[in-house]
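So you can see what is in the structure, the chains are spelled out below.
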Amino acid sequence: MSEREGTAAKSPVLSEEADVTTLVPRSLRVSAALSWRFLVVIAALYVIIWLVGYLSVVVIPLSIALLLAALLAPAVAQLVKAKFPRGLAAAIVLIGGLGLLGGLLTFVIIQFTDGLPELQKQLNESLDQIKNWLVNGPIHLRQEQIQEFIDKAFSFLKDNQAALTNSALTTASTVGEILTGFVLTLFILIFFLAGGDQIWGFLVKGVPQRVRSRVDVAGRRGFASLVSYVRATALVAVVDAVGIGIGVAILGVPLVVPLATLVFLLAFVPIIGAVVAGTVAVLIALVTKGFITALIVLAVVIGVMQLESHVLQPLLLGRAVRLHPLAVVLAITGGLVAAGIAGALLAVPLLAVLNAGIRSLLHEVDPVPEEVDVLHDQGARPNERTPEEDEEQGGQSAETP
């Protein structure tokens, strides 16, 4: 065999037994490897999201119960420190919370019922003013045109009576699901408050021994971040409700207490809740007090929201969960698209928990689960130290007698 034939036999390009991957450019091989791994991750996330949606009847009450447990856990801890049995402390806090919520809702309903006749009267007066403006104003509509529009509206309602009936039945079914979810949330919350530590300890036992402490600490950091988030959000909600309530009360807008309560409740849904509550307040002011008062209420709402976004949230939420505003907006949008209102409500708390847990897994130094105080803001931060701090800590330890 000649030298040329031997070279050809050894060449990977000409040899039939050569590995064809050597012919593929490295950049293409890397891109292909990244692509199929990316597709696998996306498929896994899709399956997880599908499972969560399929089990939403369980997942949503479980998530809300966890949020409520984070809100009520400090009160239970205070009663336990006062020598109350944990089960009794959980019962006292839960009954007290339900009593407070029931009393607040009852007061709001009574206020709304008492103010409804006056609201209807003012609404009728506003509609008459709008009608007069349409007839005598720059548009100069005829009375017959307005009556024709009203008749068409009633005809539309009559023609779509079946669809409206189906919507009412769907609404009734939704109310039933909400009541079922409320009962399930209450049942889960009882066990979270009475034995949350035992439940978490049981779950951690399923983790391999070599990483159990890290996972345990990461979970505790995540729950501490959730406690900090709920506490800070409640403070922000109180400030929003008081600020807007005082503003609409000074302007003489009716239903002050229901409006303030609505602002407080919707403040737990970041960004979207504030927009919805502010819109409702402005519309009620527009209907009952006119255009000028509505503009003033809009200014009050904008001022309170600016105080929230530029002072309260950076000071409270930023310190508690350390989330960038862009991450918050994207999380709310994604949650709203994926799961509606429930997704928007739970997106930011989930992001806060994941942020604290992942940071703990990546940066935790010598994790000791017993040292994590989940009811303190510092508990959400990993015990990470720089080399200079380690040297300083070592020097201080050496000087200690």
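All values reported here derive from a predicted model rather than from experimental measurement.

Draft legend 1. How the structure looks around the pattern of salt bridges. As enumerated under the stated definition, the model contains two salt bridges in all. For Arg220, the salt bridge goes to Asp216, with nearest N and O atoms at 2.9 Å. On the criterion of helical spacing, the pair formed by Arg220 and Asp216 is a turn pair, its members being four residues apart in helix α7 (residues 212–250). On the basis of relative accessibility, which here comes to 25%, the residue Arg220 falls in the partly exposed class. Close ionic contact of Glu364 with Arg221 constitutes a salt bridge, the shortest N to O distance being 2.9 Å. Of this pair, Glu364 sits in the loop between α11 (325–363) and α12 (387–399) while Arg221 sits in helix α7, and the two are 143 residues apart along the sequence. Glu364 gets classed as buried once you look at its relative accessible area, which sits at 6%. Note on Arg221: relative accessible area 7%, which makes it buried.

Draft legend 2. Structural view of the packing of aromatic side chains. Summed over all chains, the structure comprises two aromatic pairs. Judged by centre distance (5.0 Å) and plane angle (65°), the ring pair of Phe187 and Phe191 falls under edge-to-face. With a gap of four residues between them, Phe187 and Phe191 both fall in helix α6 (residues 161–204), about one helical turn apart.

Draft legend 3. Looking closely at helix α9 (residues 272–289). Between the first and last C-alpha of α9 there are 25 Å, a value that for 18 residues agrees with the 26 Å anticipated at 1.5 Å per step. Within the span of α9, buried status applies to Gly273, Ala274, Ala277, Gly278, Ala281, Val282, Ile284, Ala285 and Thr288. Projected onto a plane normal to the axis of α9, the buried residues spread over an arc of 160° and lie on a single side. Directly beyond the C-terminal end of α9, a positive phi value near 105° is found at Gly290.

Draft legend 4. Seen up close, the environment of Asn383. Checked against the element boundaries, Asn383 lands in the loop between α11 and α12. For the pair Asn383 and Pro367, spaced 16 residues apart in sequence, the C-alpha to C-alpha distance is 7.6 Å. When near neighbours in sequence (up to four residues on either side) are disregarded, Asn383 contacts Arg221, His363, Glu364 and Val365.

Draft legend 5. View of unusual backbone geometry. For Lys83, which is not a glycine, the phi torsion comes out positive at approximately 75°. By the secondary structure assignment, Lys83 is in the loop between α3 (56–81) and α4 (86–136). In this model, Leu255 sits at a positive phi of 60°, which is unusual for a non-glycine residue. Note that Leu255 resides in the loop between α7 and α8 (256–266). Its relative accessible area of 10% is what places Leu255 among the buried residues.

Draft legend 6. Focus on a nonpolar patch on the surface. On the surface, a nonpolar cluster with roughly 750 Å² of combined accessible area is contributed by Phe38, Leu39, Val41, Ile42, Leu45, Ile48, Ile49 and Val52. Checked against the element boundaries, Val41 lands in helix α2 (residues 26–54).

Draft legend 7. Fine view of the packing of α8 against α9. The N-to-C vectors of α8 and α9 enclose an angle of 165°; their axes lie 8 Å apart at closest approach. With respect to α9, the axis of α8 lies roughly antiparallel. Two packed elements cross with a definite hand, and for α8 against α9 that hand is right-handed. Of α9, the residues touching α8 (which contributes Leu259, Leu262, Val263 and Leu266) are Gly273, Ala274, Val276, Ala277, Val280, Ala281 and Ile284.

Draft legend 8. Representation of the side chain of Asp240. Checked against the element boundaries, Asp240 lands in helix α7. A relative accessible area of 2% places Asp240 in the buried class. If we ignore the near neighbours within four places in the chain, the residues touching Asp240 are Val263, Ala267, Val304 and Glu308.

Draft legend 9. View of the confidence of the model for the chain. Of the residues in the chain, 75% reach a pLDDT of 70 or more, and the chain-wide mean stands at 77. Confidence drops under a pLDDT of 50 for residues 386–390, and excluding neighbours within four residues, the segment shows two contacts in the predicted structure. Segment residues 393–401: pLDDT under 50, and zero contacts once partners within four positions in sequence are set aside and those in other chains are kept.

The rules we used
Residues numbered from 1 in each chain as written. Predicted model: local features only at pLDDT ≥ 70, side-chain atom pairs only at ≥ 80, totals over all residues. Heavy atoms only, no water. Salt bridge = Lys/Arg side-chain N within 4 Å of Asp/Glu carboxyl O. Helix = DSSP H or I, 4+ residues; strand = E, 2+ residues; numbered from the N terminus. Buried < 20%, exposed > 50% of the residue type's maximum accessible area, 1.4 Å probe, protein only. Phe/Tyr/Trp six-rings, centres within 6.5 Å; stacked < 30°, edge-to-face > 60°. Expected span 1.5 Å × (residues − 1). Arc of directions from axis to C-beta. Contact = heavy atoms within 4.5 Å. Patch = residues over 30% accessible without salt bridge, like charges linked within 9 Å, V, L, I, M, F, W, Y side chains within 5 Å. Areas by Shrake-Rupley, 256 points an atom, 1.4 Å probe, with all protein chains shown as cover. Axes fitted to C-alpha atoms, helices over the stretch in contact; angles between N-to-C directions. Parallel < 35°, antiparallel > 145°, perpendicular 65-115°, else oblique. Left-handed = near helix turned anticlockwise from the far one by under 90°. pLDDT = per-residue confidence, 0-100.

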